[in-house]
Amino acid sequence: MKPVSHRFITVIAVAAAVLTAAGSPAAAVPPGDAHVDVLAAAGSDTTQDVMRAVLAAYRGDPAVNPDGDIAINIPVKPAEPFTVPGDDTCGERTWVTAGQENPPATVAAPSGSGAGKTALADPANLTAACIDIARSSASRGATDPATFQY
């Protein structure tokens, strides 16, 4: 019999932790607020595709999205102008590839982890929350605001 490797034990431990945490996710979900919000994600091209899938799952699951919030993944380089509907915190906004903006009609989409985090932390964004999620493949940075949740 071959000895069990440390890697295998680690994989089993991580899998067990994930399965245990996944056992009752609904208990951790706060109740809805009876208000439809628009949640927009922007930033890293590395995480763009996985976030598209995560946000689609969120939109389609009434157990975690009881209010029917609209979760939108802003492309890093939109092939054509990409309009995000407005809500109480941000009016309708049209995003384009950097260098193609036509203010005030369009805004350059944040391109990259740092650009997504910068857009999220921008004081103008704090008063008009047009970006709600920064797609980032980077870990917490020393200059990231303490309010950022990872």
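What counts and how
- Residues numbered from 1 in each chain as written.
- Predicted model: local features only at pLDDT ≥ 70, side-chain atom pairs only at ≥ 80, totals over all residues.
- Heavy atoms only, no water.
- Helix = DSSP H or I, 4+ residues; strand = E, 2+ residues; numbered from the N terminus.
- Polar contact = N/O pair within 3.5 Å; in protein donor to acceptor, adjacent residues only side chain to side chain.
- Contact = heavy atoms within 4.5 Å.
- Buried < 20%, exposed > 50% of the residue type's maximum accessible area, 1.4 Å probe, protein only.
- Lys, Arg positive; Asp, Glu negative; His and termini not counted.
- Salt bridge = Lys/Arg side-chain N within 4 Å of Asp/Glu carboxyl O.
- Pairing = 2+ DSSP bridges.

Draft legend 1. Representation of the side chain of N65 in the model. Tracing the backbone through its elements, the reader meets N65 in the loop between helix 2 (48-59) and strand 2 (70-73). At 3.5 Å, the side chain of N65 forms a polar contact with the backbone oxygen of Y58. Other than its neighbours up to four places away in sequence, N65 contacts Y58 and R59.

Draft legend 2. Looking closely at the side chain of D87. By the element assignment, D87 lies in the loop between strand 3 (82-84) and strand 4 (93-96). An unpaired buried charge is present at D87: no salt bridge exists, and R93, the closest side chain of opposite charge, is 10 Å distant. At 2.9 Å, the side chain of D87 forms a polar contact with the backbone nitrogen of V38. Not counting the four nearest positions on each side in its chain, D87 is found in contact with D37 and V38.

Draft legend 3. Structural context of unusual backbone geometry. Of the consecutive residues P103 and P104, the connecting peptide bond is found in the cis state with omega at -5°. The topology assignment puts P104 in the loop between strand 4 and strand 5 (107-108). The backbone phi angle of A34 is positive, close to 60°, even though this residue is not glycine. If you trace the backbone, A34 turns up in the loop between helix 1 (6-22) and strand 1 (38-43).

Draft legend 4. Representation of the sheet that holds strand 4 in the model. Taken in spatial order, the three strands line up as 3-4-5 in an open sheet, and their pairing is mixed. Edge positions in the open sheet fall to strand 3 and strand 5, since each of these has one partner strand only. Both strand 4 and strand 5 contribute to a ladder of two bridges, which runs parallel. Along strand 5, the bridge assignment pairs W95 with V107.

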